[in-house]
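These are the residues of each chain, in order.
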Amino acid sequence: MVTALCVETDISVFGTAGEALAAATQRRTTSRARMALHTGDAVEPVRRRCLRLCEIANESQTLISAQTAAELHDIELFDLGIHRLRDLASAARVYSLDGDAEPRSLDAVPNNLPVQATSFVGRRAEAEAIRRLLRSDGLVTLTGPGGGGKTRLAAQVSADDAQRWPGGVWWVELASVVGEVAEAVASAVGVLVEPRVGALRSLTAELRERKALVCLDNCEHVLDAAAEVAAALTTECPEVTVLATSREPLGIPGETVWLVPTLANDEAVALFLERAEAVRPGFDADASVVRTMCTRLDGIPLAIELAAAWLRTLTPQQIEASLDDRFALLVRGPRGAAARQQTLAASVDWSHELLAEADRVVLRRLSVFAGSFTLAAANAVCGHDVLAAIGRLVDKSLVAAEEARFRLLETIREYASARLAEAGEADDTRDRHVTYYLDLAEAAEPELGRDRDRWRSIVEPERDNVRAALDWALAAADPTRGRRLAASLAWLWNINARGHEGMAYLRRAIDLAPDDRTSLQVRLLVGIAEVADTTAPLETFAQDGVDIATELGDERLRARCLGLLALERLAADFDESWELCLRAEQGDEYTRDSARVLRGIILVLRDRYDEALALLAEAVEGLVRRADRGIAATAFEFMSSAALYTGEIGKAKDWAARAVATAEPMGDFHRVGMARSQLALAHCFAGEIDAGMRVMEPFLRLVAGTSAFVPGMARAMGELHFWRGEVAEALTWYQGDMRLGDMYITALNASALARALRVNARTDEARDVLERTVELARRGGMNRIVADALEQQAFLASPDQAVELHHQALAIRVEHGLRTFYVDSLDALAPLMAKPDDATRVLAASTQARREMGYPRRPADAVDAVDGLVMSLDDAVAFVRRTRGSRGRPTSGWDSLTPTELEVVRLAVAGLNNPEIGTRLFMSRGTVKTHLSHVYAKLGIANRTELATLAAAR
């Protein structure tokens with residue numbers, strides 16, 4: 001054991017940790033230098049690790065590795081926790097001699113840089129040259145043949161300079177990607193993808209104002225797609241730098257191409273010796289033999305590592321001799337990139353030929369895996385137990401071990417795939433690959449009804465492999481297995497915004513057997529309907545599923561389809577959706593809870609809050625237990641809405657925050673957007689405008705410049721801007737949802753839109769919006785929206801009419817428990833009261849109630865404070881309603897109509913249109929429309945036809 005002491009960049013090696021510590025202690029008395037101590041077996045690795053540890057120390061700080069700390073039994077050290085050094089090794093515990101200041105580790109910068117199992121040797125000059133390029137150029141591509149060390153060099157440069165990119169260093173492995181480069185980058189960066197604009201637009205929106213490094217590794221087989229992403233990032237994101245690795249340039253303007261050279265001979269020897277030490281501790285060889293071997297291998301890192309891996313069974317002299325035979329024909333000729341590629345091919349071929357035949361068979365069969373794989377998958381695909389063989393292949397550097405998974409380097413996979421084809425085993429091996437992943441998916445399917453997080457942990461790591469299996473199985477002469485696999489995996493595409501990809505697979509599976517009337521077809525229709533919910537909500541699939549399931553007598557699948565059909569019908573007809581939900585609740589627990597959430601939503605929209613909360617709370621318990629995050633998040637959002645409208649602003653914020661926390665792990669654009677919008681709205685009600693804006697800020701970057709629609713977003717943003725007095729901005733947001741026609745979402749924003757139009761002096765437009773809103777809201781039974789619209793109509797009416805309308809709005813709010821908005825009615829009615837003292841008392845009661853609920857007035861609506869005793873909210877409401885009652889006119893029915901309204905009714909029933917009525921009564925057409933809307937509200941009708949019928953029956 002030796003211990004290294006690093007002072008800044010100077011390294012000394014000591015026989016014991018105590019000696020190193022004594023030297024460090026002495027230096028500390030006269031220096032503020034950064035220092036580090038590390039202990040290990042071999043001198044060079046210890047020196048390198050110690051230098052890396054010193055890099056993350058703060059000025060005058062002395063860091064101690066866990067290995068050294070274990071040797072210093074009697075010394076008090078400060079435990080700084082787990083940190084990752086810039087050598088890209090696994091994170092390790094770090095200690096300090098002097099306080100708990102956080103070290104400047106790789107963890108200080110957001111990153112997903114891959115853990116490296118081996119150390120980085122040499123390449124100092126090359127790394128510095130690339131770092132200089134990255135400081136000035138937006139796109140740098142490292143090129144060269146496979147096995148030349150491009151990936152390792154790019155990763156190390158990224159780690160060494162990570163602090164330059166506070167917006168993150170993001171590594172994107174493209175070796176297993178087929179065309180979907182933008183999606184892969186978005187997933188690596190953690191960007192929510194807005195489905196209609198796609199991954200690339202979402203990615204550039206998120207990174208536009210961030211200083212970040214994006215590393216695209218192994219671009220050569222997706223060159224066009226990688227070039228498109230790199231071009232977009234470098235042109236649209238001014239502070240994003242792209243570092244790519246590829247066997248050929250991307251070929252776009254602004255690209256700096258840097259050819260990675262082979263290792264210098266000294267560095268090649270150092271690499272061989274270090275890898276040899278790992279394979280055979282204490283290794284000592286004839287330096288000339290090693291140097292000759294490295295020269296013969298052209299200094300290609302992968303070739304050197306393959307050779308070193310054989311030291312367990314061969315001597316250096318035997319390796320050198322066997323290389324002579326294998327390379328004799330391949331390495332002659334000019335020493336260019338093509339020749340180096342020949343050298344690598346020869347080294348892989350040489351290593352392959354040294355394997356036992358059984359290990360060769362395993363290696364070539366492993367080539368069908370896309371990305372990484374488990375031992376169980378390898379056993380199934382190879383046809384027998386391959387643990388020992390894989391262990392030998394790992395030892396020979398032909399297979400890489402990654403915790404509980406394995407993978408082939410792309411260069412090795414390509415070689416092995418060619419050997420698989422030569423052996424005539426490709427079709428059978430791919431069929432076994434499909435069988436394994438079909439069995440895995442179908443075995444995991446019950447977890448969807450028990451624990452969806454558990455299901456995700458089983459299936460999501462296999463995403464690359466199930467894609468490959470789907471592509472192979474759906475293209476088969478008999479696509480049945482592919483269709484089964486597509487049906488079993490449908491929920492996978494709801495995670496991390498893969499909806500369009502999933503719909504393509506599911507539609508392909510459905511179209512392969514369009515006349516199929518089996519349960520498999522129903523499962524595919526259920527799957528595509530669930531994915532379409534947040535990907536293509538205007539497409540309908542559930543009715544076909546209902547029809548087939550009914551034919552089959554499959555009540556479980558029929559209930560699932562009925563629930564999805566209820567969701568499709570929600571926007572058009574609450575009553576039909578409600579009835580479909582009741583029928584769906586006869587299904588399994590998942591279907592029952594989903595249908596109950598939908599009924600709870602309808603109850604919230606119809607202002608039956610106590611019933612809604614009871615139903616939602618019952619359903620959400622099961623949804624959370626099963627980790628059904630999407631529907632659970634929606635349930636929490638509507639529970640938040642119920643609290644928001646009934647005077648419990650704090651509880652509304654809590655439930656909205658829980659909706660966000662529930663939705664975000666899914667990475668689903670719509671679910672996260674809806675949850676964040678609800679939380680922002682709750683903050684707005686509480687007067688916490690900056691907090692609401694902060695909640696929405698990351699999402700706004702994503703949707704900037706797009707036509708993205710997320711339910712609730714326009715309302716939340718409109719309210720935040722209106723609260724600030726930014727009426728023009730509020731109008732822009734409110735108007736965004738009006739394009740949706742007669743959907744209930746239109747009604748949700750309409751009164752707020754009319755309010756903004758009114759404040760902006762666009763009164764005729766406001767009246768038109770409110771007239772349509774009252775009709776739509778009454779038709780849907782949405783009483784809160786009716787009350788809001790009546791209130792806004794009152795602000796556009798004469799004083800006498802205003803009192804009537806405000807009282808109607810207050811009556812609706814009281815009847816339906818809309819307690820939050822009682823105070824809005826009180827504020828509106830107080831200035832219209834006959835006695836100033838009464839108005840003052842009412843405003844004081846409103847102010848106190850707002851304070852208790854946490855629902856302040858906008859700054860523009862502030863009133864002066866009032867001293868003295870203050871009525872309770874309920875007493876104030878009762879007082880105001882008594883004051884109105886003394887005028888002797890009821891709130892609804894024919895007797896509630898004013899003389900002017902009765903005259904308008906008479907002329908309307910006689911068949912006159914609005915302009916004709918206006919001419920007769922000397923009023924504008926807009927005023928006639930307002931009178932008619934008041935009449936409709938008081939009589940509980942929606943249009944002239946109903947008015948004529950009611951008048952005829954009177």
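Since we're looking at a predicted model, the values are computed, not measured.

**Some points on the overall build of the protein chain**
Per the secondary structure count, the protein chain includes 45 helices and 13 strands. Principal-axis analysis of the C-alpha atoms places the extent of the protein chain at approximately 115 × 80 × 50 Å. Sorting the 954 residues of the protein chain into buried and exposed places 57% on the buried side. Here the protein chain has roughly 38,800 Å² of accessible surface; of this, 51% comes from carbon and sulfur atoms. Looking at the protein chain, you have 111 positive and 137 negative side-chain charges, and the mean spots of the two groups are 2 Å apart.

**Notes on the pairing of strand 4 (residues 62–65)**
Side chains Thr62 and Ile64 of strand 4 all project onto a buried face; the interleaved residues Leu63 and Ser65 project onto the opposite face, where all are buried too. Summarising the sheet, strand 3 (residues 35–40) and strand 4 pair through three bridges and their orientation is parallel. Paired with Ala36 across the two strands is Leu63, which belongs to strand 4. Between strand 3 and its parallel partner strand 4, the chain crosses via helix 2 (residues 43–55), and the hand of that crossover is left-handed. The pairing of strand 4 with strand 6 (residues 92–96) spans three bridges and is antiparallel. Within strand 6, the position partnered with Ile64 by the bridge is Tyr95.

**Overview of unusual backbone geometry**
Non-glycine residue Ser60 carries a positive phi angle of around 65°. Considering the arrangement of structural elements, one finds Ser60 in the loop between helix 2 and strand 4. Positioned with a positive phi, Arg123 is a non-glycine residue whose angle comes to about 65°. In this fold, Arg123 is placed in the loop between strand 6 and helix 4 (124–136). Residue Arg123 is classed as buried on the basis of its relative accessible area, which comes to 3%.

**Regarding empty space enclosed by the protein**
Over the atoms, a rolled probe matching the size of one water molecule traces out where space is still vacant. On inspection of all chains with the given rule, the structure shows two cavities of 30 Å³ or more. Roughly 70 Å³ of volume is contained in the second largest cavity. As for the second largest cavity, its lining consists of His38, Arg49, Leu53, Ser65, Gln67, Leu85, Ala92, Arg93 and Val94. Sorting the residues of the lining of the second largest cavity by element identifies helix 2 and strand 6 as the ones contributing at least two each.

**Considerations on the sheet that holds strand 8 (residues 169–173)**
The strand order 8-9-10-7-11 describes an open sheet built from five strands, whose pairing is parallel. Looking at strand neighbours, the two that pair on one side only are strand 8 and strand 11 (255–259), the edges of this open sheet. When strand polarity is set aside, the average angle formed by the axes of neighbouring strands in this sheet is 15°. Here strand 7 (residues 139–143) runs beside strand 10 (residues 240–246); their pairing, made up of five bridges, is parallel.

**As for the packing of aromatic side chains**
Counted by the stated rule, this structure contains ten aromatic pairs. Here the aromatic rings of Tyr436 and Tyr437 are separated by 4.9 Å at their centres, their planes lie at 85°, and the arrangement is edge-to-face. Under the relative-accessibility criterion, Tyr436 is labelled buried at 15%. An aromatic cluster of at least three residues, connected via ring pairs, comprises Tyr609, Tyr645, Phe685, Phe821 and Tyr855. Just above the ring of Tyr415 sits the side chain of Arg419; from NZ or CZ to the centre is 4.4 Å.

**Considerations on the sheet that holds strand 6**
If you trace the six strands from one edge of the open sheet to the other, you get 2-1-3-4-6-5, paired in mixed fashion. Here the strands that pair on one side only, and so sit at the sheet edges, are strand 2 (10–14) and strand 5 (78–83). Looking at each pair of strands side by side, their axes are set apart by 25° on average, direction ignored. Running over the sheet, helix 1 (residues 17–28) touches strand 1 (2–7), strand 2, strand 3 and strand 4 and is turned about 175° from strand 3. This element, helix 2, spans strand 1, strand 2, strand 3, strand 4 and strand 6 of the sheet and lies at about 150° to strand 3.

**A look at the nonpolar core**
The tendency in soluble globular proteins is for nonpolar side chains to be buried as a group. One finds Leu174, Leu216, Phe272, Leu366 and Phe373 to be the most contacted residues of the largest nonpolar core, which totals 236 residues. At eleven residues, helix 29 (residues 629–645) tops the list of elements feeding residues into this core. With residues up to four places along the chain from it excluded, the contact list for Phe272 reads Phe283, Val290, Met293, Cys294, Ile304, Ala307, Ala308 and Leu311. Counting 26 residues, the second-largest nonpolar core is a separate cluster that includes Leu88, Leu113, Ala154 and Cys215.

**Digging into helix 43 (residues 914–921)**
When we look at burial in helix 43, the residues that qualify are Asn914, Ile917 and Gly918. Down the axis of helix 43, the buried set is contained in an arc of 100°. They therefore lie on one face. More than 90 degrees from the buried face of helix 43, the exposed residues found are Thr919 and Arg920. Looking at where helix 43 begins, the residue whose side-chain oxygen comes 2.9 Å from the main-chain nitrogen of Glu916 is Asn913.

**Some thoughts on the packing of helix 18 (residues 426–444) against helix 21 (residues 480–488)**
Running from N to C, helix 18 and helix 21 cross one another at 35°; their axes reach a closest spacing of 9 Å. Relative to helix 21, helix 18 is oriented so that their crossing is left-handed. Of the residues in helix 21, those touching helix 18 at Asp431, Val434, Thr435, Tyr437, Leu438, Ala441 and Glu442 are Arg481, Arg484, Leu485 and Ser488. Partitioned by chemical class, the residues of the contact of helix 18 with helix 21 number five nonpolar, two polar and four charged.

**Section: the pattern of salt bridges**
Tallied over the full model, the rule gives 73 salt bridges. Arg135 is paired through a salt bridge with Asp161; the nearest N and O atoms lie 3.5 Å apart. Taken as a pair, Arg135 in helix 4 and Asp161 in the loop between helix 5 (150–160) and strand 8 lie far apart in primary sequence, 26 residues in all. On the accessibility criterion, Arg135 (45% relative accessible area) is partly exposed. With a closest N to O distance of 3.0 Å, Asp266 and Arg291 form a salt bridge.

**Brief notes about the environment of Arg84**
Position of Arg84 relative to the elements: it lies in the loop between strand 5 and strand 6. Separated by ten residues in sequence, Arg84 and Val94 place their C-alpha atoms 9.2 Å apart. Filtering out sequence-adjacent residues up to four positions away, Arg84 remains in contact with Ala89, Ala91, Ser105, Leu106, Asp107, Asn111, Leu113, Pro114 and Val115. Here the side chain of Arg84 touches Pro114 through a polar contact of 2.9 Å, landing on its backbone oxygen.

**Considerations on the environment of Pro253**
Counting through the fold element by element, Pro253 comes out in the loop between strand 10 and strand 11. Separated by 22 residues in sequence, Pro253 and Ala231 have C-alpha atoms that sit 8.0 Å apart.

**Focus: the pairing of strand 7**
Counting buried positions along strand 7 yields five of five residues, so the element is predominantly enclosed. The pairing of strand 7 with strand 11 spans five bridges and is parallel. The residue of strand 11 that forms the bridge with Leu139 is Glu255.

**Considering the state of the cysteines**
Per the counting criterion, the structure on display carries zero disulfides. Here Cys54 is not cross-linked by a disulfide; its sulfur's nearest cysteine counterpart is in Cys6, at 3.8 Å. Cys581 provides the cysteine sulfur closest to Cys561, a residue in no disulfide bond, and the two sulfurs are 14 Å apart. Residue classification places Cys561 among the buried positions, given a relative accessible area of 2%.

**Quick notes on the side chain of Thr141**
Take Thr141: it is sitting in strand 7. There is a polar contact of 2.6 Å between the side chain of Thr141 and the side chain of Glu255. Discounting chain neighbours no more than four positions away, the residues touching Thr141 are Ala244, Ser246, Pro249, Leu250, Glu255, Thr256, Val257 and Trp258.

**Looking at helix 1**
The periodicity of an α-helix, 3.6 residues per turn, causes residues three or four positions apart to be oriented the same way. The terminal C-alpha atoms of helix 1, which comprises twelve residues, lie 16 Å apart, in line with the 16 Å expected from a rise of 1.5 Å per residue. Considered for burial, the residues of helix 1 that qualify are Ala17, Ala20, Leu21, Ala23 and Ala24. Angularly, the buried residues of helix 1 cover 160° about the axis, an arc narrow enough to put them on a single face.

Basis of the calculations
Note on numbering: residues in each chain are counted from 1, in written sequence order. In keeping with the predicted nature of the model, local features appear solely for residues at pLDDT of at least 70, side-chain atom pairs appear and are counted solely at 80 or more, and the whole-chain, interface and lining totals rest on all residues. Working from all heavy atoms in the structure, the side-chain values ignore hydrogens and water. The secondary structure listing takes helices from DSSP runs of H or I that are at least 4 residues long and strands from runs of E that are at least 2 residues long, numbered from the N terminus. For each residue, the accessible area found with a 1.4 Å probe, counting protein chains only, is set against the maximum for its type, and the residue is called buried under 20%, exposed over 50%, and partly exposed in between. Under the convention used here, a 1.4 Å probe and the Shrake-Rupley method define accessible areas, while residue burial counts only the protein chains that appear. In summary, the charge assignment counts Lys and Arg as positive and Asp and Glu as negative, without counting His or the chain termini. Note on charges: their place is set at NZ of Lys, CZ of Arg, CG of Asp or CD of Glu. By this definition, two strands are paired if DSSP reports at least two bridges between them. Crossover handedness is defined here as right-handed if the route from the first strand over the helix to the second strand goes clockwise, with the strands pointing away from the viewer. Of the grid points, spaced at 1 Å and generated over the protein atoms alone, those admitting a 1.4 Å probe that cannot get out make up cavities, while open sets with protein on both sides within 12 Å along at least five of seven lines make up pockets; any residue with an atom within 4 Å of a point is treated as lining. Grid points are joined across faces, edges and corners, and a volume is the space filled by probe spheres set on the points. All axes are obtained by fitting lines to C-alpha atoms, using only the stretch in contact for helices, and the reported angles, taken between N-to-C directions, cover 0 to 180 degrees. Whether two aromatic rings pair depends on their centres lying within 6.5 Å, for rings of Phe, Tyr and Trp, where Trp uses its six-membered ring; planes under 30 degrees apart make the pair stacked, over 60 edge-to-face, and the rest tilted. Only when the NZ of Lys or the CZ of Arg is both within 6 Å of the ring centre and within 35 degrees of the ring normal is a charge said to sit over the ring. Throughout, a residue-residue contact means that at least one pair of heavy atoms, one from each residue, lies within 4.5 Å. What makes a nonpolar core is a set of buried Ala, Val, Leu, Ile, Met, Phe, Trp, Tyr and Cys residues whose side-chain atoms join them at distances within 4.5 Å. In this context, the arc is that of the directions from the helix axis out to the C-beta atoms. A 3.5 Å cut-off defines polar contacts: any pair of N or O atoms within that distance qualifies, except that in protein one atom must be a possible hydrogen donor and the other a possible acceptor, and neighbouring residues in sequence count only when both atoms are side-chain atoms. In this scheme the crossing of two helices becomes right-handed for a clockwise turn of the near helix relative to the far one and left-handed for an anticlockwise turn of less than a right angle. Classes in brief: Ala, Val, Leu, Ile, Met, Phe, Trp, Tyr, Cys and Pro nonpolar; Asp, Glu, Lys and Arg charged; the others, Gly included, polar. Salt-bridge detection follows one rule: a side-chain nitrogen of Lys or Arg within 4 Å of a carboxyl oxygen of Asp or Glu. By definition, disulfides here are pairs of cysteine sulfur atoms that lie within 2.5 Å. Multiply 1.5 Å by the residue count of a helix minus one, and that product is the helix's expected span.

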